[in-house]
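Chain by chain, the residues:
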Amino acid sequence: MVFNTGTALLDAVVLSVVAQETEGTYGYKITQDVRKIMEVSESTLYPVLRRLQKDAFLETYDMEYAGRNRRYYKLTSNGMIKLDEYRKSWIDYKHTIDEILLGTKSQNED
């Protein structure tokens, strides 16, 4: 798979951010972590989270925090499989871009 759309890359980044927290993490923190590498608004991120949940890559649970319910997102086993696919695709994509932009060749091509 090639990251030819913003959707695939955003999905990969969101799944990766969520995977870093074994007990799950909440939407605002996900937004802040994703914003470290790409510009994304909460109005963009929450539909992504809902879609990833609908596709069975994320599961949710609610927990009280400061008197309010906070929704946590956690990677499912299908989500981990999808994240692994994205990671492999990213490595291939990165090598291709490196060859073009940096003039480097993969060691397997020599």
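Residues numbered from 1 in each chain as written. Predicted model: local features only at pLDDT ≥ 70, side-chain atom pairs only at ≥ 80, totals over all residues. Heavy atoms only, no water.

## Some details on the packing of helix α1 (residues 6-19) against helix α2 (residues 27-35)
Contact pair α1 / α2: the axes reach a minimum separation of 10 Å and the direction vectors enclose 120°. Put simply, α1 runs oblique to α2. Remark: the crossing between α1 and α2 carries right-handed chirality. Facing L10, V13, V14, V17 and V18 of α1, the residues of α2 in contact are I30, D33 and V34. For the contact of α1 with α2, the residue count by class is seven nonpolar, no polar and one charged. (Axes fitted to C-alpha atoms, helices over the stretch in contact; angles between N-to-C directions. Helix = DSSP H or I, 4+ residues; strand = E, 2+ residues; numbered from the N terminus. Parallel < 35°, antiparallel > 145°, perpendicular 65-115°, else oblique. Left-handed = near helix turned anticlockwise from the far one by under 90°. Contact = heavy atoms within 4.5 Å. Nonpolar A, V, L, I, M, F, W, Y, C, P; charged D, E, K, R; others polar.)

## Things to note about the pattern of salt bridges
All told, the structure shown has six salt bridges when counted by the stated rule. Between D33 and K36 there is a salt bridge, with its nearest N and O atoms 3.5 Å apart. Looking at D33, the relative accessible area reads 16%, which means it is buried. Among the residues examined, K36 registers a relative accessible area of 67% and is labelled exposed. (Salt bridge = Lys/Arg side-chain N within 4 Å of Asp/Glu carboxyl O. Buried < 20%, exposed > 50% of the residue type's maximum accessible area, 1.4 Å probe, protein only.)

## As for unusual backbone geometry
Although it is not a glycine, A56 adopts a positive phi angle of roughly 70°. One can find A56 in the loop between α3 (42-54) and β2 (58-65). A relative accessible area of 34% places A56 in the partly exposed class. With phi around 55°, A66 is a residue other than glycine that occupies positive phi space. One can find A66 in the loop between β2 and β3 (68-75). A relative accessible area of 70% places A66 in the exposed class.

## Quick notes on helix α4 (residues 77-102)
In a regular helix each residue adds 1.5 Å, so 26 residues correspond to 38 Å; α4 covers 36 Å between its end C-alpha atoms and thus fits that length. Those residues of α4 lying buried are G79, L83, Y86, S89 and D98. Taken together, the buried residues of α4 touch α1 and β3. Following α4 by one or two positions, G103 has its phi on the positive side, about 70°. (Expected span 1.5 Å × (residues − 1).)

## Quick notes on the pairing of β2
Pairing between β2 and β3: eight bridges, direction antiparallel. Bridge pairing in β3 places T60 opposite Y73. What sits between the antiparallel neighbours β2 and β3 is a turn of two residues, in which A66 has the positive phi angle 55°. (Pairing = 2+ DSSP bridges.)

## Concerning the pairing of β3
Bridge count for strand β1 (residues 25-26) against β3 is two bridges, and the pairing is antiparallel. Bridged to T25 within β3 is Y73.

## With respect to the packing of α1 against α3
With their axes 11 Å apart at the nearest point, α1 and α3 run at an angle of 75° to one another. Taken together, α1 and α3 sit at an angle that is classed as roughly perpendicular. Here α1 contributes T7, L10, D11, V14 and L15 to the contact with α3, which in turn contributes T44, L45, V48, L49, R51 and L52. Each residue belonging to the contact of α1 with α3 can be placed in one class, and the counts come to seven nonpolar, two polar and two charged.

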